[in-house]
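An overview of the molecular structure
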Amino acid sequence: GRPGSGAAVPGRLATSQQGGSKGKRAAAQPLAASAVTETPAPAIAPAPPGRPAVDAPRRRGGRGAGGGHAAWKSVRQERWEGALEVEGELPLWLDGTYLRNGPGLWNLGDYGFRHLFDGYATLVRVSFRNGRAVGAHRQIESDAYKAARAHGKVCYREFSEVPKPDSFLSAVGQLASLFSGSSLTDNSNTGVVRLGDGRVLCLTETIKGSIVVDPDTLDTLGKFEYTDKLGGLIHSAHPIVTDAEFWTLIPDLIRPGYSVVRMDAGTSERRLVGRVDCRGGPAPGWVHSFPVTEHYVVVPEMPLRYCAKNLLRAEPTPLYKFEWHLESGSYMHVMCKASGRVVASVEVPPYVTFHFINAYEETDEEGRVTAIVADCCEHNANTSILDKLRLQNLRSSAGQDVLPDARVGRFRIPLDGSPFGELESALDPDEHGRGMDMCSINPAHVGKRYRYAYACGAHRPCNFPNTLTKVDLVEKTAKNWYEEGAVPSEPYFVPRPGAVEEDDGVAISMVSARDGSAYALVLDAKTFQEVARAKFPYTMPYGLHCCWVPRNSNA
Ligand SMILES: CC(=O)/C=C/C=C(C)/C=C/C1=C(C)CCCC1(C)C
Ligand SMILES: CC(/C=C/C=O)=C\C=C\C=O
Ligand SMILES: [Fe+2]
């Protein structure tokens, strides 16, 4: 039977006792044509039947793009579903669906996007049940993707690309449409979250790119319609989502600052909790993500700031839609969730981060909160990572040690009115090869004291994070998983039901291997050893963020 609907597998126990951790077991279902639905994309990068999994080189920006790693090649068909061959032993408690979003399609015929973040969203699903796995992927049907497919060209403003004037509107029209937001992309290629009410939402940094999907069929169900009047064009790509709430930040480019907003589960109405005014610079700092504690929202203001001028330019600038303003200072603000009041605003050393890992409160003997600790994947205040994520760099520099150093940056924000906060490395970055990004933690510890973070690290020489790392923030050590030629995506922590210990569970990552194969890798989160891999029968590009939908979570 199809995993997810079948009964327990006979002999499962015997197999698990005898099998070595890498023992091969037949897939739940043979990979017969009947198990597969494949729709070659008509206008975008058509995939003639019978072509090999990895294409021969094609012209600049073409799908082959000079050979290179399969992680940076467009997904070959719009959709697929089928049983996966499992090597090793999947835990029987692992019962639910892992979803991963990311920019998996960078080519329109012979035209190729330039930056990793430009690609059209590819949603990947691996459903686990009874030790078996079914995989699937599907392109998200955003307006931007549908228009590109229909016209064979870029029609909306993506992360680094702007449509040619004849592709959307006249230059004047573009200016007008930028302010109305109509030319901005809704290509929801960054994250995927499961809201407390069960809706599954794909996200990017444009608010219109909030798209509801069906986690089983991967169907695009439609835009997430925010029913409030808050407006805004862009928000943090990473809301903080709990069973009860959804918190996000909306940067204000006109009057530099941020709105902190909350949406209760079961509603589509965001409410303004408070506002943070920027302390420096002509525009707010880029907020790809932010952390919360139990009682506070932490609002970062980094010197890498949005730039209205760059938003309008046709050609990408070195920092895309952003500008580096070292002179403007770097800040961390803290807002009380209950009152919306800013209770601290401190200057900190310069920093560059996409991803906050977590934050928590420090208290004195009387239980008063004295400081906030906030951890992030910090790129040593160096913006060069953005350029390193250009596809041409990723494709051409494999094997060269060009990945800039990164670390777990730990902020300490005093709440006693002091004007300065601290930023230090939480552990020696050599523990994880001086690569650090794409993190997850045990969701039960969001906003609370925690010990473990899972992320991508580096095994040098490398041009991109190529390991999975489990960081112990108490012992200040890391355990690393590495396989030559592998490009693994974010290790997503899934707790074992009933677990008490913080690291009782698994970390799941999708790996694009050098030989063009791809698999979902399941690591025991405690030992960080592989317990199983579920193999896709085709190449899967790199992808970004994930979520976990437990089975019957809405029952
Ligand atoms: C994939 C990822 O990590 C980031 C994606 C960011 C995007 C798509 C940003 C898009 C933007 C525009 C289309 C115009 C306005 C500015 C900005 C938010 C950068
Ligand atoms: C993939 C990435 C950084 C890798 C470098 O260490 C950042 C992705 C950001 C968007 O989600
Ligand atoms: Fe992200």
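Residues numbered from 1 in each chain as written. Chains lettered and ligands numbered in written order. Predicted model: local features only at pLDDT ≥ 70, side-chain atom pairs only at ≥ 80, totals over all residues. Heavy atoms only, no water.

**Considering the site of ligand 1**
Put simply, the test is: Residues are labelled near a given molecule or strand when at least one of their non-hydrogen atoms is within 4 Å of it. Here the open area of atoms and residues is found with the Shrake-Rupley method and a 1.4 Å probe, where only the protein chains shown may cover a residue. When residues are grouped by polarity, Ala, Val, Leu, Ile, Met, Phe, Trp, Tyr, Cys and Pro land in nonpolar, Asp, Glu, Lys and Arg in charged, and all others, Gly among them, in polar.
Within the structure, ligand 1 sits among 15 residues, and Arg157, Thr190, Thr204, His288 and Leu311 are positioned closest to it. Protein burial of ligand 1: of its 490 Å² of free accessible surface, 97% is covered by the chains. Among the residues making up the shell around ligand 1, the classes are represented as seven nonpolar, four polar and four charged.

**A word on the packing of aromatic side chains**
For any two aromatic rings, the description comes down to two numbers: the centre-to-centre distance and the angle of the planes. Counted only if it meets this: The rule is short: rings of Phe, Tyr and Trp, with Trp giving its six-membered ring, pair when the centres are within 6.5 Å, and they are stacked under 30 degrees, edge-to-face over 60, tilted in between. Secondary structure elements are defined from DSSP: runs of H or I of at least 4 residues count as helices, runs of E of at least 2 residues count as strands, and each element is numbered from the N terminus. Should the NZ of a Lys or the CZ of an Arg lie within 6 Å of a ring centre and within 35 degrees of the ring normal, that charge is described as sitting over the ring.
Tallied over the full model, the rule gives 23 aromatic pairs. With a centroid separation of 4.0 Å and 20° between ring planes, the pair formed by Trp286 and Phe322 is classed as stacked. Placement of Trp286 in the loop between strand 17 (270-277) and strand 18 (296-301) and of Phe322 in strand 20 (residues 322-324) is noted, with a sequence separation of 36 residues between them. Pairwise contacts between aromatic rings join Phe117, Phe159, Trp286, Tyr306, Tyr320, Phe322 and Phe354 into one cluster. Of note, Arg270 hangs over the ring of Tyr226, and the distance from its end group to the ring centre comes to 4.2 Å.

**What to know about the site of ligand 2**
Applicable threshold: Residues adjacent in sequence count toward polar contacts only when both atoms are side-chain atoms; beyond that, a polar contact is any pair of N or O atoms within 3.5 Å, and within protein one must be able to donate a hydrogen and the other to accept it.
The immediate surroundings of ligand 2 are formed by 14 residues, with Phe117, His288, His355, Pro465 and His545 found nearest. In this structure, His288 approaches ligand 2 through a side-chain N or O atom, which is 3.1 Å from an oxygen atom. One nitrogen or oxygen atom from the side chain of His545 is found 2.9 Å from an oxygen atom belonging to ligand 2. Taken by itself ligand 2 offers 350 Å² of open surface, and the protein chains cover 98% of this. Where the shell around ligand 2 is concerned, the elements lending two or more residues are strand 23 (353-363) and strand 27 (437-440). Counted by class, the shell around ligand 2 contains nine nonpolar, four polar and one charged residues.

**Digging into the pattern of salt bridges**
Using the following cut-off: Put simply, a salt bridge is a Lys or Arg side-chain nitrogen that is within 4 Å of an Asp or Glu carboxyl oxygen.
Per the stated rule, a full pass over the model turns up 38 salt bridges. The shortest N-O distance in the salt bridge between Arg412 and Glu362 comes to 2.8 Å. Here Arg412, found in strand 25 (residues 407-414), pairs with Glu362, found in strand 23; they are 50 residues apart in sequence, far enough to count as distant. Through salt bridges with shared partners, a single network forms among Asp401, Asp405, Asp430, Arg434 and Arg460.

**Details of the sheet that holds strand 23**
Selection rule: DSSP calls a pair of strands paired once it identifies at least 2 bridges connecting them. Axis definition: a line fit to C-alpha positions, over the contact stretch in the case of helices; interaxial angles, taken between N-to-C directions, run 0 to 180 degrees.
Taken together, the four strands give an open sheet; going across it, the order is 23-24-25-26, and neighbouring strands pair in antiparallel fashion. Unpaired on one side and paired on the other, strand 23 and strand 26 (422-425) mark the two borders of the sheet. Each strand of the sheet is rotated relative to its neighbour by a mean of 25°, with strand direction disregarded.

**Observations concerning the nonpolar core**
Rules: Among the buried residues, those of types Ala, Val, Leu, Ile, Met, Phe, Trp, Tyr and Cys that are joined through side-chain atoms within 4.5 Å form a nonpolar core. Exposure categories follow from relative accessible area, calculated using a 1.4 Å probe and restricted to protein chains: below 20% of the type maximum is buried, above 50% is exposed, and the middle band is partly exposed. In what follows, a contact means two residues having at least one pair of non-hydrogen atoms within 4.5 Å.
Among the nonpolar cores identified, the biggest contains 87 residues, and Met332, Leu386 and Phe411 are the most heavily contacted of them. When residues no more than four places from it in sequence are discounted, the contact partners of Phe411 are Met332, Val348, Tyr351, Phe356, Ile372, Val373, Ala374, Cys376, Glu422 and Leu423. Membership of the second largest hydrophobic core comes to 38 residues, among which are Tyr492, Val494, Val506 and Ala520.

**Quick notes on the coordination of the iron ion (ligand 3)**
Around a metal, the idealised angle for a tetrahedral arrangement of four donor atoms is 109.5 degrees; for an octahedral arrangement of six donor atoms it is 90 or 180 degrees. What counts is decided by this rule: Sodium, potassium and calcium take a 3.2 Å donor cutoff, other metals 2.8 Å, and in both cases only N, O and S atoms count; water is not among them, so sites may look incomplete.
Listed as protein donors to the iron ion (ligand 3) are His238 (NE2), His288 (NE2), His355 (NE2) and His545 (NE2); their distances from the metal cover 2.1 Å. Coordination of the iron ion (ligand 3) draws on donor residues from a single chain, spaced H-x49-H-x66-H-x189-H in sequence. One end of the pair, His238, is in the loop between strand 13 (220-223) and strand 14 (240-241); the other, His355, is in strand 23, and 117 residues separate them in sequence. An identical accessibility class is assigned to His238 and His355; each is buried.

**Some words on the sheet that holds strand 21 (residues 330-336)**
As a general point, the strands of a sheet are linked pairwise by backbone hydrogen bonds and lie either parallel or antiparallel. Strand order across the open sheet formed by three strands is 18-21-22, with antiparallel pairing between neighbours. The strands lining the two open edges of the sheet, one partner per strand, are strand 18 and strand 22 (342-348). Strand-to-strand, the axes of this sheet are offset by a mean angle of 15°, without reference to chain direction. In the sheet, strand 18 pairs with strand 21 via six bridges, with the strands oriented antiparallel. Paired with Val298 across the bridge in strand 21 is Val334.

**Regarding the UniProt feature "binding site: Fe cation" (unreviewed entry) in the chain**
Using the following cut-off: UniProt positions are given in the numbering used here, feature names are shortened, and annotations may be inferred rather than shown by experiment.
Under the UniProt annotation, "binding site: Fe cation" (unreviewed entry) lies at His238, His288, His355 and His545. A maximum C-alpha distance of 12.5 Å is found for the annotated residues, which run over 308 residues; spatially they form one tight group. In this view, His355 contacts His238, His288, Ser289, Cys376, Cys377, Asp437, Met438, Cys439 and His545; residues no more than four positions away in its chain are not counted. Note on placement: His545 falls in the loop between strand 35 (530-536) and strand 36 (546-550). Judged by relative accessible area, His545 falls into the buried class, the value being 7%.

**Notes on the confidence of the model for the chain**
How we decide: The quantity known as pLDDT measures the predictor's confidence residue by residue, on a range of 0 to 100.
When pLDDT is averaged across the chain, the result is 88; 85% of the residues are at 70 or more. Contacts of residues 1-38 to residues separated by more than four positions or lying in other chains number 71 contacts, the stretch itself having pLDDT below 50. Low confidence marks residues 40-66, where pLDDT is under 50. Its contacts with residues over four positions away, or in another chain, come to 64 contacts.

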